[in-house]
Amino acid sequence: MHTPAARRTSLRLPVSLVLLGALLLGALLAGPTSARAATSIPLIHINACDRAKKCAGGNATGHLTAILRSGKPELLTLNEVCSATVNRVARNTGYKKVFAQAGRAMCPGGRGKYGNAILAAPHRDLVKTVETKYSMQQGGTEKRVLLCADSSGAAVCTTHLDHLGKAVAQAGELKTLLAAQLARNPSLFFGADLNIGPPAAQRYALPAGMRRMGDGRVMHIFYSAAFGQLGGVLLRSTLTWTDHAGLALRAPAA
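Draft legend 1. Region of the structure containing the packing of helix 4 (residues 167-184) against helix 5 (residues 198-205). Interhelical geometry of helix 4 versus helix 5 gives an angle of 50 degrees and a closest axis separation of 8 Å. With respect to each other, helix 4 and helix 5 are oriented oblique. Across the interface between the two elements, Val168, Ala171, Gly172, Leu174, Lys175 and Leu178 of helix 4 pack against Arg203, Tyr204 and Ala205 of helix 5. Taken together, the residues of the contact of helix 4 with helix 5 break down into 6 nonpolar, 1 polar and 2 charged.

Draft legend 2. Just the state of the cysteines, in detail. Tallied over the full model, the rule gives 3 disulfides. Each sulfur in the disulfide pair cysteine 148 and cysteine 157 lies 2.1 Å from the other. Judged by the sign of its S-S torsion, about 110 degrees, the cystine formed by cysteine 148 and cysteine 157 is right-handed. Note on cysteine 148: relative accessible area 0%, which makes it buried. Relative accessible area serves as the criterion here: at 0%, cysteine 157 is assigned to the buried category.

Draft legend 3. Seen up close, helix 3 (residues 83-93). Those residues of helix 3 not exposed but buried are Ser83, Ala84, Thr85, Val86, Val89, Ala90 and Thr93. Next to the buried residues of helix 3 lie helix 2 (61-71), strand 2 (75-82), strand 3 (96-106) and strand 4 (113-120). Trailing helix 3 by a residue or two, glycine 94 shows a phi angle of about 85 degrees, which is positive.

Draft legend 4. Seen up close, the side chain of serine 83. For serine 83, the location among the structural elements is in helix 3. Of the residues examined, serine 83 reaches a relative accessible area of 15% and is grouped as buried. Excluding anything up to four places from it in sequence, serine 83 contacts Phe99, Arg111, Gly112 and Lys113.

Draft legend 5. Structural context of the environment of threonine 159. Secondary-structure assignment places threonine 159 in strand 7 (residues 154-160). On the accessibility criterion, threonine 159 (0% relative accessible area) is buried. Considered as a pair, threonine 159 and leucine 78 are 81 residues apart in the sequence and their alpha carbons are 8.4 Å apart. At 2.7 Å, the side chain of threonine 159 and the backbone oxygen of valine 145 are in polar contact.

Draft legend 6. Main features of unusual backbone geometry. The phi torsion at lysine 72 lies on the positive side, around 50 degrees, for a residue other than glycine. Topologically, lysine 72 is positioned in the loop between helix 2 and strand 2. Positive phi values are uncommon outside glycine, yet serine 152 reaches one of about 50 degrees. Mapping serine 152 onto the fold places it in the loop between strand 6 (145-151) and strand 7.

Draft legend 7. Layout of the side chain of asparagine 79. Relative to the helices and strands, asparagine 79 resides in strand 2. For asparagine 79, a relative accessible area of 0% corresponds to the buried category. Looking at asparagine 79, its side chain comes within polar contact range of the side chain of asparagine 116, at 2.9 Å. Among the polar contacts made by the side chain of asparagine 79, one reaches the main-chain carbonyl oxygen of threonine 159 at a distance of 3.1 Å. Excluding residues within four positions of it along the chain, asparagine 79 makes contact with His45, Ile46, Asn47, Ala48, Cys49, Gly115, Asn116, Thr158, Thr159, His160, Ala192 and Asp193.

About the cut-offs
Residues numbered from 1 in each chain as written. Predicted model: local features only at pLDDT ≥ 70, side-chain atom pairs only at ≥ 80, totals over all residues. Heavy atoms only, no water. Axes fitted to C-alpha atoms, helices over the stretch in contact; angles between N-to-C directions. Helix = DSSP H or I, 4+ residues; strand = E, 2+ residues; numbered from the N terminus. Parallel < 35°, antiparallel > 145°, perpendicular 65-115°, else oblique. Contact = heavy atoms within 4.5 Å. Nonpolar A, V, L, I, M, F, W, Y, C, P; charged D, E, K, R; others polar. Disulfide = S-S within 2.5 Å. Buried < 20%, exposed > 50% of the residue type's maximum accessible area, 1.4 Å probe, protein only. Polar contact = N/O pair within 3.5 Å; in protein donor to acceptor, adjacent residues only side chain to side chain.

The following block contains the structure:
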């Protein structure tokens, strides 16, 4: 489903150091005066594994709240997350939120819908622009969906592709959808569990004009090549409560 906001053209801003600086302002990493202190975090991506007992007992609220309070990313993209978790994290931190349910999938224990989410720092705006299902889907209640939003001049998207053999077909559709987003707004960030490795992601999912970083397995961040070569950090600490290491995109501070 494409909302009217998806057709807006007011955010077609030229990519420049000024825009990048505006995106990154206020997201400095804590730490000693060093190369790390001169970086900021435009985006963190996490598969929250939010309804599985094996992952944090099936509730990632406290862990996600801690990550936002300590890392202060401009944007956070989430897969496998419950709507109740997203609502609580947003209340705890002041981050803004949009959510897309994965078909009719629900979380246990009255924790709401199950799907994907985007959060934006309190000083940013956040407006959902795209919520669309892929044409190729697995059986059952869970359906794979692309979620995108506009946030203070940048566009940001997330998705979680199928793990039962349809990921490559969905990746081809994703590539077309992301290319359309990039044409609409050249300042694009994307975080996802694609359930395919780097070679397949590079071949099938990554549109021209974007760069990729990841965990060497299924977790990926794409970002506009016009930003230059940005750094990436594997958040291994998340493996204490979810089954995937998170990813943090790092850039020179404004």
